Amino acid sequence: MKSVLTLIVDDEPDIRELLEITLARMGITTYSAENVASALSLLRLHPFNLCLTDMRLPDGDGLEIVDYIQQHHPHLPVAVISAHGNMDTAIKAMKKGAFDFISKPLDLPSLRGLIKSALSLAPLNQTKLSAINTLLGSSPIMQEIRAKIEKLSRSQAPVHIRGESGVGKELVARLIHQQGPRAAMPFVAINCGAIPQELMESEFFGHKKGSFTGAVQDKKGLFQAANGGTLFLDEVAELPLALQVKLLRAIQEKKVRPVGEQQEIAVDVRLLSATHKDLAEMVRSDTFRQDLFYRINVIELIVPPLRVRVKDIAEMTEHLLTKLARGNKIAKPKISKSAITALEKYSFPGNVRELENILERALALYDGKIIDEQDLNLPINSTAVTTTAQMIVDKFDAAQKSLENYLEGIEKKVIADALEKNVGNKTAAAKQLGISFRSFRYRLKKLGLE
């Protein structure tokens, strides 16, 4: 690391000295600044490989430095140093593009790990080819998704991937991992909806032998298994509220306590999550913790459904047929233009996963010459909506909207009556209606009564 140059920004001489000594022992040359103005001057003069900046500075804050680096040196990883427990500030920094954060008092092993991860980042644009070969589609929306994946892979910020079932949320998560500095470390994926509730704590955090009936030996949890790498929580909306509390603590403290263990164990994982549900709506309805939502949803990445990127269907069909033919050890079949047209008109409620299933079925049924439209066996009446059908849909939508307006009027009256009976006391009105105060406030705002 002799050619590595790092900028240290902190107004405390003791912290600057500690960082200088630590980096010097790693063979890293450092320049130090005690405020924003000095830091920006040094950034203009030297080609730094890394920046470590405190958040609170005499003439501003570290966010100004993060903004400057993102604008003028997007290749330069910047990590922020925040006061212990001040996660909100660290989250703001990561939303702006900071690589990672570390809390005071500084933990030197964690600091060294952060520095090594930051310096192992691949140069920008070096990973584009692998993403193109894995996440198919030349439509503008897919080009934008790949660009976001490349950017997100250079950060350690928690990312929440949202999209319908079958769009490839786990594939996106794997690409973020593979293009980042943790690529050589484990990628551990878990479907939160597939774990029995009584085993969840043990699965996530591990357990000690004898801690409960059936615990015949020590077991590492998912956090420990993913240590140094990435933990991907698929269908995170399925987590019960009791486990959400413990998960939040593990994320904030970067420590876990196995079931039956007295001591906490330090873990270093990058957290990625996904769901097809609307977590923000679940927060409003009190079925998902707001504080956990803010921690895992530092950055949201929405993966579009297949029906909004019709131009990619032909390309994806060719790729999937090649893959299926190779797996079945047969020659790749041809597919007719009419079959492609039928696929492009289909709505694909199951997205990419459904496209692969349709092609696999067609491969088993076609006559060995060419896959035609009838070989696809698409569900009846599921292709593009006809003019007549669209009129029916429009009428239904209008009727549904009329019904919604009617029900909304009833809801307004009930809430207004409750407020009147409780002399404007919102807490008492919510209690009378049997709903939480948060849900009551949400309804007031939604109905325009607040």
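The structure we're discussing is the one just above.
Here the residue numbering is sequential within each chain, running from 1 through the sequence in written order. For a predicted model such as this one, the threshold for reporting local features is a pLDDT of at least 70, and the threshold for listing and counting side-chain atom pairs is 80 or more; totals across whole chains, interfaces and linings nevertheless cover every residue. Calculation of side-chain values draws on the structure's entire complement of heavy atoms; hydrogens and water are dropped beforehand.

J.: It is not clear to me how the packing of helix 1 (residues 13–25) against helix 5 (residues 108–119) should be interpreted in this structure. Could you clarify?
T.: Think of two packed helices as two axes; the pair is described by the angle between the axes and how far apart they sit. Interaxial distance between helix 1 and helix 5 falls to 11 Å at its minimum, and their mutual angle equals 60 degrees. Relative to helix 5, the element helix 1 lies oblique. Crossing of helix 1 against helix 5: the hand is right-handed. Along its contact with helix 1, which presents L18, L19, T22 and L23, the element helix 5 presents L108, L111, R112 and I115. With axes taken as lines fitted to C-alpha atoms, and helix axes fitted only over the stretch in contact, angles between N-to-C directions fall between 0 and 180 degrees. We count a stretch as a helix when DSSP gives it H or I for four or more residues in a row; a strand needs E for two or more, and each element gets its number in order from the N terminus. Orientation labels follow simple angle bins: below 35 degrees gives roughly parallel, above 145 gives roughly antiparallel, 65 to 115 gives roughly perpendicular, and whatever is left gives oblique. Handedness of a helix crossing follows the sense of rotation of the near helix relative to the far helix, less than a right angle counterclockwise being left-handed and clockwise being right-handed. In what follows, a contact means two residues having at least one pair of non-hydrogen atoms within 4.5 Å.

J.: Honestly, helix 19 (residues 426–433) in this entry has me stumped. Any pointers?
T.: Three or four residues apart is the spacing at which side chains of an α-helix point the same way, because the helix has 3.6 residues per turn. Here a polar contact is recorded for every N or O atom pair within 3.5 Å, except that within protein the pair must consist of a potential hydrogen donor and a potential acceptor, and residues adjacent in sequence are included only if both atoms are side-chain atoms. For helix 19, the N-terminal cap is N425; the gap from its side-chain oxygen to the backbone nitrogen of T427 is 3.1 Å. Of the residues trailing helix 19, G434 is marked for its positive phi of about 75 degrees.

J.: What exactly am I supposed to notice about the sheet that holds strand 13 (residues 270–275) here?
T.: The strands making up a sheet are joined through hydrogen bonds of the backbone, oriented either antiparallel or parallel. Here we have five strands laid out as an open sheet, ordered 9-10-13-8-14, and parallel in their pairing. What marks the edges here is a single partner per strand, and that holds for strand 9 (187–191) and strand 14 (299–302). With strand direction ignored, the average angle separating the axes of adjacent strands in the sheet is 20 degrees. Against the sheet, helix 8 (residues 169–178) engages strand 8 (159–162), strand 9, strand 10 (230–234), strand 13 and strand 14, with an angle of about 150 degrees to strand 8. Strands pair, by our definition, only if DSSP identifies at least two bridges between them.

J.: Mind showing me how you'd approach the pattern of salt bridges here?
T.: Pairing is possible between side chains that carry opposite charge, provided their charged atoms lie close to one another. We define a salt bridge as a side-chain nitrogen of Lys or Arg found within 4 Å of a carboxyl oxygen belonging to Asp or Glu. One pass over the structure, following the stated rule, counts 18 salt bridges. Measuring nitrogen to oxygen at the nearest pair gives 3.6 Å for the salt bridge that ties D10 to K104. Remark: K104 occurs in the loop between strand 7 (100–103) and helix 5 and D10 occurs in the loop between strand 1 (5–9) and helix 1; sequence separation between them is 94 residues. K104 shares its class with D10; the two are buried. A salt bridge links E170 to R174; the nearest nitrogen and oxygen atoms lie 3.0 Å apart. Pair noted here: E170 and R174 are both in helix 8, with a separation of four residues, about one helical turn. Several salt bridges share partner residues, and in doing so they unite D10, E12, D54 and K104 into one network. In this scheme, a residue with accessible area under 20% of its type's maximum is buried, one over 50% is exposed, and one in between is partly exposed, where area comes from a 1.4 Å probe on protein chains only.

J.: Would you take a moment to explain helix 11 (residues 241–253) for this structure?
T.: By this rule the span expected of a helix is its residue count minus one, scaled by 1.5 Å. For helix 11, which comprises 13 residues, the first-to-last C-alpha distance of 19 Å matches the rise-based estimate of 18 Å (1.5 Å per residue) to within 8%. Turning to helix 11, its buried residues number three or more, namely L243, Q244, L247, L248, A250 and I251. In an axial view of helix 11, the angular spread of the buried residues amounts to 165 degrees, which keeps them on one side of the axis. In this fold, the buried residues of helix 11 make contact with helix 9 (200–205), helix 10 (222–225), strand 10, strand 11 (255–256), strand 13 and helix 13 (290–296). At the C-terminal side of helix 11, K254 shows a positive phi close to 55 degrees. Summarising the geometry, the arc corresponds to the directions from the helix axis toward the C-beta atoms.

J.: Would you mind going over the pairing of strand 3 (residues 50–54) with me for this structure?
T.: Here is the key point about a regular strand: its side chains alternate between the two faces of the sheet. For strand 3, the buried fraction is high: five of the five residues fall into the buried class. Here strand 1 pairs with strand 3 via four bridges, running parallel. In the strand pairing of strand 3, T6 is matched with L50. With four bridges connecting them, strand 3 and strand 6 (residues 78–82) associate as parallel partners. In the strand pairing of strand 6, D54 is matched with I81.

J.: Looking at this model, I keep getting lost on the pairing of strand 8. Mind explaining?
T.: With four bridges joining them, strand 8 and strand 13 adopt parallel strand pairing. When the bridges of strand 13 are listed, R162 appears paired with T275. Where strand 8 meets strand 14, four bridges bridge the pair, whose relative direction is parallel. Considered in strand 14, the bridge of H160 is made with E300.

J.: What is the right way to read the packing of aromatic side chains from this model?
T.: Any pair of aromatic rings gets described here by the distance separating the centres and the angle formed by the planes. Centres within 6.5 Å are what make two rings of Phe, Tyr or Trp a pair, Trp counting through its six-membered ring; a difference in plane orientation under 30 degrees is then read as stacked, over 60 as edge-to-face, and the rest as tilted. Counting across every chain of the model gives six aromatic pairs. Considering the side-chain rings of F205 and F223, the 5.8 Å spacing of their centres and the 25 degrees angle between planes classify their relative orientation as stacked. Of the two residues, F205 sits in helix 9 while F223 sits in helix 10, which places them 18 residues apart along the sequence. Residue F205 is classed as buried on the basis of its relative accessible area, which comes to 4%. Among the residues examined, F223 registers a relative accessible area of 2% and is labelled buried. Where Y346 meets F348, the ring centres are 4.7 Å apart and the plane angle is 70 degrees; that geometry is what we call edge-to-face. Grouped by ring-pair contacts, the aromatic residues F204, F205 and F223 constitute a single cluster. Taking NZ or CZ as reference, K254 lies 4.6 Å from the ring centre of F101, over its face. Either the NZ atom of lysine or the CZ atom of arginine qualifies as a charge over a ring when it sits within 6 Å of the ring centre and within 35 degrees of the ring normal.

J.: Quick question: what am I supposed to make of the side chain of Q156 here?
T.: Here Q156 is to be found in the loop between helix 7 (140–153) and strand 8. Residues in contact with Q156, not counting those within four places in the same chain, are M94, F99, D100, P181, R182 and R270.

J.: Can you walk me through the layout of surface pockets in this structure?
T.: Over the atoms, a rolling probe the size of a water molecule traces out where space has been left empty. Put plainly, a pocket is an open set of points on a 1 Å grid over the protein atoms alone with protein on both sides within 12 Å along at least five of seven lines, a cavity is a set where a 1.4 Å probe fits but cannot get out, and a lining residue has an atom within 4 Å of a point. Grid points are joined across faces, edges and corners, and a volume is the space filled by probe spheres set on the points. Quantified by volume, the largest pocket comes out at close to 690 Å³. In this structure, the largest pocket is lined by 26 residues; those nearest its centre are I102, D107, S110, E253 and K254. Listed by contribution, the elements that provide at least two residues to the lining of the largest pocket are strand 7, helix 5 and helix 11. Classes in brief: Ala, Val, Leu, Ile, Met, Phe, Trp, Tyr, Cys and Pro nonpolar; Asp, Glu, Lys and Arg charged; the others, Gly included, polar. Among the residues making up the lining of the largest pocket, the classes are represented as nine nonpolar, eight polar and nine charged. Of the pockets and cavities examined, the second largest pocket occupies roughly 530 Å³. Where the lining of the second largest pocket is concerned, the elements lending two or more residues are helix 8, helix 14 (313–327) and helix 16 (351–365).

J.: Looking at this structure, how should I read empty space enclosed by the protein?
T.: Tallying each qualifying case throughout the model produces two cavities of 30 Å³ or more. A volume near 260 Å³ is recorded for the largest cavity. Every residue lining the largest cavity is counted, 19 residues in all, and those nearest its centre are Q156, P158, I251, K254 and V269. A per-element tally of the lining of the largest cavity places helix 4 (residues 87–95) first, with three residues.

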